[in-house]
Structures are given as structure tokens and as C-alpha cells.
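Coordinate analysis (summary)
Now for the letters of each chain:
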Amino acid sequence: MTKTITIDGKTIPFEEGQTIMEAAAAAGVYIPHLCHHPEYAPHGSCKLCSVTVNGRSCTACTFPALEGQEILNDTKELNDSRRRITQMLFVEGNHLCPGCEKSGNCQLQAVGYYLNMLDNHFLHFFQPRELDASHPDVLVDRNRCIFCTLCVRASHRDGKDVFAISGRGINKRLIFNSESGLLKDTDLDVNDQAAHICPTGAILIKRTGFTVPIGERLFDDKTIAETSLDYERGDHDG
Amino acid sequence: MKQFIQDLAEKHNNQEKQLLQILREIQACYHYIPEQAIEQLSGLLPIPRTRIIGVVEFYSFLHLSPRGQYELLISDCLTDHMRGKKKLTAYLAEKLDVAVGAVRKDGLVSLDNTSCTGMCDQGPAGMVNGYALTRLDRARIDRIADLINRREPLAAWPADLFYVDDSIAKPGLLLKQPIVQGAALRSAFKRGLKATLAEIDQSGLRGRGGAGFKTAMKWAFCAGEAQSERYVVCNADEGEPGTFKDRVLLNSFAHQVFEGMTLCAAIVGARQGFLYLRGEYLHLYEYLQEILHQRRQAGLLGTNILREELDFDIDIHLGAGAYICGEESALIESLEGKAGIPRNRPPYPVTHGYLGKPTVVNNVETFFAASAIAVNGADWFAQVGTEKSAGTKILSISGDCARPGIYEYAFGTTIQTVLNDCGATDVLGVQIGGPSGTFISSQEFDRKLAFEDLATGGSVIIFNESRNIFDIVHNFTHFFAHESCGFCTPCRVGTSLLKKQVDKIYEGHGSAGDVAALEELGQLIRVYSHCGLGQTAANPVLTTLERYPELYQNKLKKISYEPGFDLDGALDIARRLAQRDDAAAHLSQVGDHD
């Protein structure tokens, strides 16, 4: 007999070893997320995928699906909280969507739209964050880093460990693996997975800006729920 | 330097998991972690340099830029503030001609604040190059400043500056009857290890760190794991402000604590144990090493312990100033030489702990109690306490009372009894369990110490009527923002937002709606944070808001909106640039008519 969980009352099958996120995605249920990527080990840090499992808050990307779990996902309370968490990410960094090349392709922005985020709600931190334009092909703007560690995980898989998160608490920062601390002196190549995985506009490829015009971008026609499920169910090319 | 680093790395077998211990020694020698050392270590261990920088920037006691040859830190615990810490620090800064947070121009001395150093019964306290300084007053500061200015080596400083009192004010069941060395192990082998585990189970002993998980169950889970390589870890990272009982247990009863660890190792089948000692207790390090040495000599540690074919040894790992490492999975990360970021659970440490192997992590007091139970039996322990909370609890009492110190009580004792015993009068309220615990008001002193009522790791801070609730909330909220590891969004951003929101109200800029916003934010952090730090970081706000809502409302201005910053204050730079300070150069907040 297939094992099942329920999400918002809907019965969903799962396989032993799957996380709640994986079981949900396979069944076409979108759970908002930013630090999760189906090809990498889950991190569980952004907390957008928080769901209520048998009355307890858990991150769907790390928590195993277990027989009989009753899970709440698409509720007003959870989406209100997710909106607040997204707003936290917006005020922590310096995100100026209208002037950002990633606009329309940005997962942070798309999640904001999905959650009906209309303002930043919290006070801005206005933290000075450094930009590194030293690399010939890749630009890193720390103003937009949300510490999801996807670039760290990807670069580790690339065998280069170019990126790391250093510091503690609100003083966390993205650092590069070179003696000078500059991106140009690392092993980063423009074709590395790490250069393309950023869910926000923190890591951008140079000389490709606006080659896809606004209006024809990833999230212009589809919500992040649709694109994410397409991707995670393997409908993406490559 | 090259030779020093090479020898140091070799001493630690060039092991990555020793990184934090290696960096501690480099910091002690050079008073920072030089770039050259990072490059060399990344080659020797070998690990990416970013791993090393990540660790340096995570721990408060490690620095990428030089500190003074005398690194002075002053404890920023609320109890230190209650004893005049602020004025004393200012006096010290003036005496030494160095600003707080800075290094003196000649590089001789640096001064900064640090989170609670666990000397709350004998503060204001501080540290010099990691060694605890107690009972600071003007006279002692004069002497310290003089010693530094004369460049007197630390070894030649008078011992009384470093004297740490154990101040055991009220011993109970456990503290009155310390065990004879080896007695717990002998009893256990005589009774049989399985029977001893059953005895501990029957005693009802629950984890003394505060969470209260049944000790025997944890040990049984670990013993039941298929992996044969297992570890025993003693959590002596007592960073909860107001707690110092583990320091006293380790200073006065180290044998019994180590014996509890050895007992656990015999039961779960571990060959290696660790004492994770918080960096603030560096003064105990050599002493504890000596105790371990004595135990090896006595056949109570090492190979073939008591000729029972038990092999087990204990290493001491030092922390480096991170409250989060008291969380068991963060502590394990730290033991592995990494930044102390709590892991995702499941899996739990008992199945995937140190190096991914089954690991028992218990509090100092838990091991201390377990060895006494092995000797005296389950009934001896269980006859004391309540039905759900067997035995006694050791409390660290500080704040406004005549006799701060260590008190041991049977579970079920009321707070009023505790207050009477330590000589507390005119009490406004008591913080039970430190900032992450609960603030109780004078209406609740009939409440009981017990897992089912007031669960606590042992921190009890008393406030008399002269204290201000907002000073308490302000200090604690800043503490959590400082100690958040930054892993998850709700805690990393939320604790800093909470700090800003508390400051806004504290400084008198709050307006209608700000208290509601404060509560909403607090709930969000509590529910969605990754670990116990975030889940309890809003407790100071939420528990006082629940008890004194009118106090918060009275702090608010009677206008409908107030910006989150001081408008006039923000113009200060402009005034300085324009070199004018007349009335027209000042602005009041719009609508601010009172």
C-alpha cells in the first residue's frame, strides 16, 4: 500500500526518504521556497517553506514525509507569515527591483508577488554592502544576497569552493576564496553552475543585461508556483 | 610565525576538526588571526581559506584585525549592569585611554564588551586575554590599569584579581553527598550496566540543561544504534546569562562530572568523550586537564578502566564566545571545528552527532546527577521532587538579593522559598531560566520549580522594586540580536528588527501601533525560527508584555504616527557640517505637541 500524507486536506502519496517538499512537488503542490533547490542538499534556512505538521512548524524542504502527517500549507496564516519573512529579506538587503537586471527573473521578487507583498512593512537596515565587479565575466552585488547558500553549495559541487558565508547574525556576508578576497582572483568560471544559480540578482553574468527584455522574462507570464513546479517535475530542458 | 603555525597544526595532527582549537591558540599568541596564518593553515589542513575566515568571523573571541596585547573584555550581562558596570567601564576606558570597542594607539590594550561571563554572583566581571576577572571596582581597575601600563606579564599579576568564588550557599541532596572517586563506576559494574541504565531510568532523571529529555532514554537510544563508533559529550557551554552552576560543579566536583561521562560511555559503548568548555571558563582548563590526568593515573580513565575492559578517554574543547554553541547540534558543529550553526533535525545527535556518529550530549549537571544515582540508587533520587520532575535542581542565583550563589532545591519548591533563602526583599519580579526563560511578576511567587511549571536550566535573576522592566527587556533583546548565528531569516533579521523596535519604544519614540507591531514580530520569530535561540529570543518582550501591558502603552506617545528614527537626531551631521546649532537648525517630529 502506498504511504500517504495530507496537505491542506488533499491526500498525497510519498516514497520512503522523500521530504515533504519533494512529495508535494511531485504531486503538483507548490510550497514557497528560496534556499531550496531540487538538485542540492536542502538547507532549511530561508524558512519560506515553513508548513504546519501535526500542529508544529517545520521546514518542508528538510522534514521527512512520514505516514499520516497532516500538513497545512496554503493557509492565510502561513502565507501572512511567509510574506513577513520575505519582507525581512527585502529590508535586510538593499533591493531596488525597478533598477535590477534580474527583475522578472528574480525568485525573491516573484515570491513577493506570489505572496501579495505590497510594501516592505519593516524598517530598512540600509546596510552598506560591497559590490565586486572585478571578475571579467561575473558581477557580484552583495546588496541582494539573501544567504541562501545556493552559490556556496553549487561551487562546492563545481569542486572550487569559490563562495562562502562568513560572519554571524545580521553581520553575515558573502566572501570569495582568493587571497585578495576579490572575485577575479578565484577559480570562478562563467560556465560554473555557481555563477547561474542565484535566486536573486546578487550574481549576474556580465554583458547579458537586458538581452531578454522586460515583458518576456521567466515570471512575466507565469507565477513562481507554476515555473517552480514545471522545473521540479522535470519539465525543464537539460 | 611560520614555524609556530606549522608546529601548532602538527600538534593537532593537521586535523580540520581541530580548527577552532588551533585558531584559539593563534589568537592567544598574536592577538588576532593574521592573513599569513590563514594562508598557511589552509594549505596544512587542507581546507579553503574561506572556511577559516568563516570560523574567525563567527566567534566573538577571534579577530581578523589586531586586538591589544592585553585584550580586555567586560561582561555585558544585566547582572553586571545592576552592579554599576557601565560607569566602571567608562572609568576603565578613561584610565587606560582607550575607547570601548577600540584598540589603543600603541597597540598595548583593547577594550570591549562581551556577553555574560558566568560570574553573576561576583560581578561586575571581565576577562583579560581570556582569563576571568571578578568583583571589579575602582580600586581593582586602578590596579589592572597600572599592571597593563607597566606591561606586567599576566603570569605576574596578583592572583586575587583572578579569584573565582564557588559560593555554594545551600547544598541539597547532590551537593551534600559528593561521591567517592570511582564509586559510580564500581557500583555500575557490580550491578551490571543494563541494570544501572534501568536504575537511571527509574530515578526519573531528566536533562538538566532545561529541555528535560529523559536521560536514560537518550542513553538507550544511543546504545541501540547500529553504528559502533559512538561519542559522549558534556555540554559545559553555559552561556545563558545568569547561569554559573556548571562552573561551580566543574571547579568543586569535576571528578563526579567526568565519572558521569565515563558511566555513560560504559553504558552506550563510547570510546571517546568531549568536555565542551565555554571559552569564558579558560581559567578552569589547566585544572580540569590535571583532574583528567589524575583519573588516568587512578585507572578511572584511559584503557581498561577498573580492569573492566572499558576504554574511554576525554578531551577538552574550548569554545570562543558564541552563546549558540550551547545548542547541542551547534555545539557538535563547533566540536568539529566549524561555525556553531544548529543543524536541521531530524536526524538527531543521538543517531547522527559528532562526525555523523551516534552521540549523547548532556549537561554538566546531568552527568553529575547520573553518577550519584549510580551510587545511591534510583529511589534515593526519586523520593525527592515532584511526580514529573524527580530529584533536585541546582540554581545559580544572582541579582538583587543578600546572598547570591549556588542553591540546590527539590523540584516543587516555590519561588517564594527561594527568595526567602537568598535574602531577597521588595522583589519586583524574577527572571527564571535566563533571557530565554520566563519573567514572573510578584503575583506569581507561589509558582514552582519543575518541568511542569517553571522549567529552567538554573538561571535565577532577581529584580527589586527599584529596577525598570524596560532596562531588562532592552538588555536581553540586544543580547539575542548579538548572539543570533544568522542561519535562518526569522532569527537573523527578526532579532535585529526586534532590537530596533524595542529601542524605539525604550527611547520614547513609540506611537500607537508600535506595541502591537512588537508583539506580532515576537510571535513570528518564536514560531518560525530554526532553533531554540530564535524560538525564545522574543521571550523577554512577550513575557513582560503579557504581564505589564499598561507599562508598554504608557511609554507610547499620544500621536498616531511616529517615524522609526529621531528626526532631529538625524540632522546632527548636517548641523556639524554647517557649524550651526541655533533653534532654526532643529526640527521636531511632525505632530509632536506634548
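Reference entry: report on the structure contained in this document. What you see as residue numbers is a count from 1 along each chain, following the sequence as written. Written order decides the labels, with chains lettered from A and ligands numbered from 1. The predicted nature of this model means local features are confined to residues of pLDDT at least 70 and side-chain atom pairs, given and counted, to a pLDDT of 80 or more, with totals for whole chains, interfaces and linings taken over all residues. Water and hydrogen atoms play no part in the side-chain values, which are based on all heavy atoms of the structure.

Turning our eyes to something else, we now look at the overall build of chain A. Going along the chain from the N terminus, every DSSP run of H or I of four or more residues is numbered as a helix, and every run of E of two or more is numbered as a strand. Helix and strand counts for chain A stand at 6 helices and 10 strands. Radius of gyration means the value over C-alpha atoms here, while the globule rule gives 2.2 Å times the residue count to the 0.38 power. The globule rule puts the C-alpha radius of gyration for 238 residues at 18 Å, and the 18 Å found for chain A is close to it. Taken along the three principal axes of its C-alpha coordinates, chain A extends 55 × 40 × 40 Å. Think of it in three bands: with a 1.4 Å probe and only protein chains considered, a residue is buried below 20% of the maximum accessible area for its type, exposed above 50%, and partly exposed in between. Taken across its 238 residues, chain A has 54% of its residues classed as buried. In this analysis, two residues are considered to be in contact whenever any of their non-hydrogen atoms come within 4.5 Å of each other. In chain A, once contacts between residues fewer than 6 apart in sequence are set aside, the share between residues at least 24 apart is 64%. Accessible areas in this description were obtained via Shrake-Rupley with a 1.4 Å probe; residue shielding takes into account the shown protein chains only. Carbon together with sulfur atoms contributes 51% to the accessible area of chain A, which is approximately 10,800 Å² in total. By the counting rule applied here, Lys and Arg register as positive and Asp and Glu as negative, while His and the ends of each chain are not counted. A single reference atom marks each charge: NZ on Lys, CZ on Arg, CG on Asp, CD on Glu. Across chain A, the centroid of the 24 positively charged side chains sits 6 Å from that of the 32 negatively charged ones.

Further remarks concern helix H3 (residues 107–114) of chain A. All names here are of chain A. Here H3 has its buried residues at Leu108, Gln109, Ala110, Val111 and Gly112. As for H3, its buried residues are in contact with helix H2 (76–92), helix H5 (218–221) and helix H6 (224–232). Phi turns positive one or two residues past the end of H3, at asparagine 116, with a value near 60 degrees.

Turning to the nonpolar core, a few remarks are in order. The criterion is simple. A nonpolar core is a set of buried Ala, Val, Leu, Ile, Met, Phe, Trp, Tyr and Cys residues joined through side-chain atoms within 4.5 Å. Judged by nonpolar contacts, the single largest core of 78 residues is most densely connected at Leu34, Phe163 and Leu183 of chain A. Setting aside residues no more than four positions away along its own chain, leucine 34 of chain A makes contact with Cys46, Leu48, Leu89, Gln107, Leu108, Val111, Ile146, Leu150 and Pro199 of chain A. Counting residues in each nonpolar core, the second largest holds 68 residues, with Cys222, Leu275, Val360 and Ala370 of chain B among its members.

Time to look at the interface of chain A and chain B. Counting residues at the interface gives 41 residues for chain A and 42 residues for chain B. By definition, a salt bridge exists where a carboxyl oxygen of Asp or Glu is found within 4 Å of a side-chain nitrogen of Lys or Arg. Put simply, chain A and chain B have 4 salt bridges between them. Polar contact is the term for a pair of N or O atoms within 3.5 Å; when the atoms are in protein, one must be able to donate a hydrogen and the other to accept it, and sequence-neighboring residues count only if both atoms are side-chain atoms. Inspection of the chain A/chain B interface yields 21 residue pairs in polar contact (both at pLDDT 80 or more). Those elements that provide at least two residues to the side of chain A that touches chain B are strand E4 (56–59), H2, strand E8 (163–166) and strand E9 (173–176) of chain A. Residue contributions to the side of chain A that touches chain B peak at 8 residues, all from H2 of chain A. By the convention adopted, Pro, Cys, Tyr, Trp, Phe, Met, Ile, Leu, Val and Ala count as nonpolar, Lys, Arg, Asp and Glu as charged, and the other residues, Gly among them, as polar. Residue composition of the side of chain A that touches chain B, by class: 17 nonpolar, 14 polar and 10 charged.

Let us look at unusual backbone geometry. A cis amide bond links glycine 123 of chain B with the next residue in sequence, proline 124 of chain B, at an omega value of -5 degrees. Cis geometry marks the peptide bond from arginine 345 of chain B to proline 346 of chain B; its omega dihedral reads -5 degrees. Relative to the helices and strands, proline 346 of chain B is located in the loop between helix H15 (328–335) and strand E11 (359–363). The phi dihedral of histidine 121 of chain A is positive, around 60 degrees, even though this residue is not glycine. Counting through the fold element by element, histidine 121 of chain A comes out in the loop between H3 and strand E6 (131–132). The exposure class of histidine 121 of chain A is partly exposed, given its relative accessible area of 37%. Residues other than glycine seldom take positive phi values, yet asparagine 13 of chain B does so here, at roughly 55 degrees. Of note, asparagine 13 of chain B is situated in the loop between helix H1 (2–11) and helix H2 (19–30).

Attention now goes to the pattern of salt bridges. Residues and elements named next belong to chain B. With the rule as written, the count across this model stands at 51 salt bridges over all chains. Aspartate 142 is paired through a salt bridge with lysine 95; the nearest N and O atoms lie 3.5 Å apart. Separated by 47 residues along the polypeptide, aspartate 142 in helix H7 (residues 138–149) and lysine 95 in helix H6 (residues 85–96) bring together distant segments of the chain. The class of aspartate 142 is partly exposed, set by a relative accessible area of 30%. Note that aspartate 581 is salt-bridged to arginine 575, the shortest N-O span being 3.8 Å. Residue classification places arginine 575 among the buried residues on the basis of a relative accessible area of 9%.

A few words on the sheet that holds strand E3 (residues 109–114) of chain B. Residue and element names in this part refer to chain B. On the basis of which strands lie adjacent, the open sheet formed by 5 strands has the order E2-E3-E1-E4-E5 and mixed pairing. Two strands in the sheet have a free side with no partner beyond their single neighbour: strand E2 (102–103) and strand E5 (131–133). As paired elements, strand E4 (residues 126–128) and E5 share 3 bridges and run antiparallel to each other. When the bridges of E5 are listed, valine 128 appears paired with tyrosine 131. Axis geometry follows a simple rule: fit a line to the C-alpha atoms, using only the stretch in contact for helices, then measure angles between N-to-C directions, giving values from 0 to 180 degrees. Running at roughly 160 degrees to strand E1 (residues 70–75), H6 makes contact with E1 and E3 of the sheet. Paired strands, as defined in this entry, are two strands with at least two bridges between them according to DSSP.

Residue and element names in this part refer to chain B. Across the sheet, which stays open at both edges, the 6 strands sit in the order E6-E13-E12-E16-E14-E15 with mixed pairing between neighbours. The sheet is open, and its two edges are formed by strand E6 (168–170) and strand E15 (438–441), each paired on a single side. With strand direction ignored, the average angle separating the axes of adjacent strands in the sheet is 30 degrees. Where E6 lies against strand E13 (residues 405–410), 2 bridges are found, and the strand directions are parallel. The residue bridging isoleucine 168 from the neighbouring strand is isoleucine 406, located in E13.

In this section: the pairing of E11 of chain B. All names here are of chain B. Taking burial as the measure, the 5 residues of E11 include 5 buried ones, the bulk of the element. Here E11 shows two buried faces, one formed by Thr359, Val361 and Asn363 and the other by Val360 and Asn362. Summarising the sheet, strand E7 (residues 231–236) and E11 pair through 5 bridges and their orientation is parallel. Pairing of asparagine 235 across the sheet is with asparagine 363, part of E11.

Turning next to a nonpolar patch on the surface. Only residues whose relative accessible area exceeds 30% and that form no salt bridge enter a patch; like-charged residues are grouped when within 9 Å of one another, and nonpolar side chains (Val, Leu, Ile, Met, Phe, Trp, Tyr) when within 5 Å. A cluster of nonpolar side chains, namely Phe213, Met217 and Phe221 of chain B, defines an oily patch on the protein surface of about 290 Å² accessible area. Along the polypeptide, phenylalanine 221 of chain B turns up in helix H11 (residues 215–223).

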